Amino acid sequence: MRIRVENLQFAYPGRGFSLSPPPLDIAPGQRVAFVGPSGSGKTTLLRLIAGILTPDAGSVFLDDTEISALSDRERRRFRASRIGFVFQDFRLLDHLNVRENVRLPLRLSAKHRARDSIETRADELLDESGILAKACARPRTLSQGEKQRAAICRALVTRPGLILADEPTGNLDPENKSKILDLLIERAAAADATLIVVTHDESLLPAFDRVIDFADTLSTHQPEAR
């Protein structure tokens, strides 16, 4: 999925924060990292791209769809079928078990209705993430790292064309950081999906095609090879 951000302006009412990034064009299938200090707008831009927030001015295009111009209902439908989002605070529903949380986007998406495919897809991701044994557990019983992995599985389950992840490895040890980043990259590649990750972890940057630094007015550079 191609992402274009044009003439964007956004401000949180009463918070004294505003974001006016230069034009941004991310090619389909690129692996992109957003880096920069806390409070510089990385998560805000991620949410504007996802249509969770809407800009005060300007446009966000995902392929040929101007998501910033859609209604709330249309944006929700678009996200359910075409975007996978990993929230920094996980947002798992505690009245559902882990498997049911992972399946939820499939049930909300009109693309996926067959019960067998829902169960198979969810368990496949849970197994690859090392938490299949927790499939029937409630999120409140999981460690922070297990919650993170469950949230990532949920984001990947619809095979979205765009994967957005806000600090997806922030609660993991070094070994599991590598495993989860590899899972995100492999799944994105398998689906020809674009991947955008917000991270503070500089050790992860060589895995990306492009790094966008919010500390320097969204400057872009190519990471050095491993």
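Residues numbered from 1 in each chain as written. Predicted model: local features only at pLDDT ≥ 70, side-chain atom pairs only at ≥ 80, totals over all residues. Heavy atoms only, no water.

(A) Expanded view of the packing of aromatic side chains. A full pass over the atoms with the stated rule returns 4 aromatic pairs. Summarising the aromatic geometry, the rings of F10 and Y12 are spaced 4.8 Å apart at their centres and angled 90° between planes, so their arrangement reads as edge-to-face. By relative accessible area, which is 7% here, F10 ends up buried. Judged by relative accessible area, which is 18%, Y12 ranks as buried. Ring-pair connections join several aromatic residues into one group, and the members of that group are F10, Y12 and F17. (Phe/Tyr/Trp six-rings, centres within 6.5 Å; stacked < 30°, edge-to-face > 60°. Buried < 20%, exposed > 50% of the residue type's maximum accessible area, 1.4 Å probe, protein only.)

(B) Main features of the layout of surface pockets. Here the largest pocket defines a volume of roughly 600 Å³. Along its surface, the largest pocket is lined by 18 residues, and R79, A80, F87, P105 and L108 are the ones closest to its centre. Of all elements in the fold, only α2 (72-82), β7 (83-86), α3 (98-108) and α5 (144-156) reach the threshold of two or more residues within the lining of the largest pocket. Per-element accounting of the lining of the largest pocket gives the leading share, 5 residues, to α2. Across the lining of the largest pocket, the residue classes break down as 10 nonpolar, 2 polar and 6 charged. If you add up the space inside the second largest pocket, you get close to 220 Å³. In terms of residue count, helix α1 (residues 42-50) provides more of the lining of the second largest pocket than any other element does, 4 residues in total. (1 Å grid on protein atoms, 1.4 Å probe; cavity = no way out; pocket = protein on both sides within 12 Å on 5 of 7 lines; lining within 4 Å. Points joined across faces, edges and corners; volume = space filled by probe spheres on them. Helix = DSSP H or I, 4+ residues; strand = E, 2+ residues; numbered from the N terminus. Nonpolar A, V, L, I, M, F, W, Y, C, P; charged D, E, K, R; others polar.)

(C) View of the side chain of R47. Its location among the elements puts R47 in helix α1. No salt bridge is formed by the buried R47; the nearest opposite charge belongs to D89, separated by 5.0 Å. If sequence neighbours within four positions are ignored, R47 has contacts with I52, L53, F85, F87 and R91. (Lys, Arg positive; Asp, Glu negative; His and termini not counted. Salt bridge = Lys/Arg side-chain N within 4 Å of Asp/Glu carboxyl O. Contact = heavy atoms within 4.5 Å.)

(D) Highlighting the pattern of salt bridges. Evaluation of the coordinates by the stated rule reveals 12 salt bridges. One salt bridge in this structure joins R31 and D209, with 3.4 Å as the shortest N-O distance. Highlighted residues: R31 in strand β4 (residues 31-35) and D209 in the loop between β9 (194-198) and β10 (210-213), separated in sequence by 178 residues. Across the pair E128 and R187 runs a salt bridge, and its minimum N-O distance is 2.6 Å. Of this pair, E128 sits in helix α4 (residues 115-128) while R187 sits in helix α6 (residues 174-190), placing them 59 residues apart in sequence. Judged by its relative accessible area of 44%, E128 is partly exposed. Three or more residues are tied together by salt bridges with common partners; here these are R121, E124, E128 and R187.

(E) Fine view of the packing of α3 against α5. With their axes 7 Å apart at the nearest point, α3 and α5 run at an angle of 30° to one another. On the basis of their axis angle, the class for α3 and α5 is roughly parallel. Here the hand of the crossing between α3 and α5 comes out right-handed. Touching V98, N101, V102 and P105 of α3 are A150, C153 and R154, all from α5. (Axes fitted to C-alpha atoms, helices over the stretch in contact; angles between N-to-C directions. Parallel < 35°, antiparallel > 145°, perpendicular 65-115°, else oblique. Left-handed = near helix turned anticlockwise from the far one by under 90°.)

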